[in-house]
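Each chain is listed here by its residues.
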Amino acid sequence: DTAVSQTPKYLVTQMGNDKSIKCEQNLGHDTMYWYKQDSKKFLKIMFSYNNKELIINETVPNRFSPKSPDKAHLNLHINSLELGDSAVYFCASSSRDRGLHGYTFGSGTRLTVV
Amino acid sequence: DQQVKQNSPSLSVQEGRISILNCDYTNSMFDYFLWYKKYPAEGPTFLISISSIKDKNEDGRFTVFLNKSAKHLSLHIVPSQPGDSAVYFCAASVQRDDKIIFGKGTRLHILP
């Protein structure tokens, strides 16, 4: 009964392909996020959704398209993959009324583009 | 433009001693600060936080200190235990923006 689960855990694909990463949370949170951890180890926010509505979109190429079918799911679709997209992608969730507890993260998806 | 800086990429501390991890920030609008801990192949997990209206918050072996005038915070772990070996991320947010900004992390090694 993982709180925030991402699939797949590892993804190796060729340049130019289109791929999706799925995320689901069972915490009843109303906000979900995608973060990217690049080779320099920075964790940078990409998107956030609150109750299926896009709240944050941080200058991410439009090849990246998040989709939130309901507030428990936030998927990330990436078109025309490039070498520079190789990174670990973390999904997270929180409640707007989160108090002092921040986000709950998934275990990450390591994407390798070859 | 790093708004949250962790200038020590790694730190080694003897088991039983105090570990002190440091963090600096540049955005004076930040009003909420957090520390996350991350093991390999896992996501970051929340450790402890502090609001800007406080200068100290303690939770068991973990204490976070905030110096707003210096835009500096630190995490103290005492006594350090082998299971504390991990990467520690400092993070900050402006609560109304609902977006957490992370530092690059500091890898802590607890030596036997």
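Above this text sits the structure in question.
We now turn to the structure provided with this report.

About the thresholds
Residues numbered from 1 in each chain as written. Chains lettered and ligands numbered in written order. Predicted model: local features only at pLDDT ≥ 70, side-chain atom pairs only at ≥ 80, totals over all residues. Heavy atoms only, no water. Disulfide = S-S within 2.5 Å. Helix = DSSP H or I, 4+ residues; strand = E, 2+ residues; numbered from the N terminus. Buried < 20%, exposed > 50% of the residue type's maximum accessible area, 1.4 Å probe, protein only. Core = buried A, V, L, I, M, F, W, Y, C linked by side-chain atoms within 4.5 Å. Contact = heavy atoms within 4.5 Å. Salt bridge = Lys/Arg side-chain N within 4 Å of Asp/Glu carboxyl O. Pairing = 2+ DSSP bridges. Axes fitted to C-alpha atoms, helices over the stretch in contact; angles between N-to-C directions. Phe/Tyr/Trp six-rings, centres within 6.5 Å; stacked < 30°, edge-to-face > 60°.

## Some remarks on the state of the cysteines
Covalent bonding between the sulfur atoms of two cysteines is what defines a disulfide.
Here is step 1 of the chain: Inspection of every chain in the model, using the stated rule, returns 2 disulfides over all chains.
Here is step 2 of the chain: Paired through a disulfide, A:Cys23 and A:Cys91 show a sulfur-sulfur distance of 1.9 Å. Its S-S torsion of about -80° marks the bond between A:Cys23 and A:Cys91 as left-handed, since a negative value means left-handed. Here A:Cys91 lies in strand E9 (residues 87-94) and A:Cys23 lies in strand E3 (residues 19-25), a separation of 68 residues in the sequence.
Here is step 3 of the chain: Classification of A:Cys91 as buried rests on a relative accessible area of 0%.
Here is step 4 of the chain: Across a sulfur-sulfur distance of 2.0 Å, B:Cys23 and B:Cys90 are joined as a disulfide pair. Judged by the torsion about the S-S bond (-75°), the B:Cys23/B:Cys90 disulfide is left-handed. Here B:Cys23, found in strand E3 (residues 19-25), pairs with B:Cys90, found in strand E9 (residues 86-93); they are 67 residues apart in sequence, far enough to count as distant. Like B:Cys23, the residue B:Cys90 is buried in the burial classification.

## Concerning the nonpolar core
Here is step 1 of the chain: If you look at the biggest cluster of nonpolar residues, it comprises 25 residues, and the most contacted ones within it are B:Phe30, B:Phe33, B:Trp35, B:Leu73, B:Leu75 and B:Tyr88.
Here is step 2 of the chain: Broken down by secondary-structure element, the contributors of at least two residues to this core are E3, strand E4 (32-38), strand E5 (45-51), strand E7 (62-67), strand E8 (72-77), E9 and strand E11 (106-111) of chain B.
Here is step 3 of the chain: Among the elements that take part in this core, E9(B) stands out by supplying 4 residues, more than any other.
Here is step 4 of the chain: Other than its neighbours up to four places away in sequence, B:Tyr88 contacts B:Gln6, B:Leu21, B:Trp35, B:Tyr36, B:Lys37, B:Leu47, B:Leu75, B:Ile77, B:Gly105, B:Thr106 and B:Leu108.
Here is step 5 of the chain: Counting 20 residues, the second-largest nonpolar core is a separate cluster that includes A:Trp34, A:Tyr49, A:Leu76 and A:Ala87.

## Re the pattern of salt bridges
Opposite charge on two side chains permits them to pair, given that their charged atoms come into close proximity.
Here is step 1 of the chain: Tallied over the full model, the rule gives 6 salt bridges over all chains.
Here is step 2 of the chain: For the salt bridge of A:Glu58 with B:Lys99, the shortest nitrogen-to-oxygen distance reads 3.0 Å. Taken together, the positions of A:Glu58 in the loop between strand E6 (53-57) and strand E7 (64-70) and B:Lys99 in the loop between E9 and strand E10 (100-102) put the pair across two chains.
Here is step 3 of the chain: Residue classification places A:Glu58 among the partly exposed residues on the basis of a relative accessible area of 29%.
Here is step 4 of the chain: The salt bridge involving B:Lys37 is made with B:Asp84; its shortest N-O contact spans 4.0 Å. One end of the pair, B:Lys37, is in strand E4; the other, B:Asp84, is in the loop between E8 and E9, and 47 residues separate them in sequence.
Here is step 5 of the chain: In this structure B:Lys37 comes out as buried when scored by relative accessible area, which is 12%.

## A look at the sheet that holds E3(A)
All names here are of chain A.
Here is step 1 of the chain: Read from one edge to the other, the open sheet built from 4 strands follows the order E1-E3-E8-E7, with strand pairing classed as antiparallel. Unpaired on one side and paired on the other, strand E1 (4-7) and E7 mark the two borders of the sheet. On average, each strand axis in the sheet is tilted by 20° relative to the strand beside it, whichever way the strands run.
Here is step 2 of the chain: The pairing of E1 with E3 spans 4 bridges and is antiparallel. Paired with Gln-6 across the strands is Cys-23, a residue of E3.

## A word on the packing of aromatic side chains
Here is step 1 of the chain: Throughout the structure, instances matching the rule amount to 15 aromatic pairs over all chains.
Here is step 2 of the chain: On the numbers, 5.8 Å between centres and 65° between planes, the contact of A:Tyr35 with A:Phe105 is edge-to-face. Of this pair, A:Tyr35 sits in strand E4 (residues 31-37) while A:Phe105 sits in strand E10 (residues 104-105); the two residues are 70 residues apart in sequence, bridging distant segments of the chain. Grouping residues by exposure puts A:Tyr35 and A:Phe105 together as buried.
Here is step 3 of the chain: Relative to A:Phe105, the ring of A:Phe90 has its centre 6.3 Å away and its plane inclined at 85°; by these criteria the two rings are edge-to-face. You can see A:Phe90 sitting in strand E9 and its partner A:Phe105 sitting in strand E10, a full 15 residues away along the chain.
Here is step 4 of the chain: Grouping aromatic residues by their ring pairs yields a cluster made of A:Tyr33, A:Tyr35, A:Phe90, A:Tyr103, A:Phe105, B:Tyr36, B:Phe46, B:Phe89 and B:Phe102.

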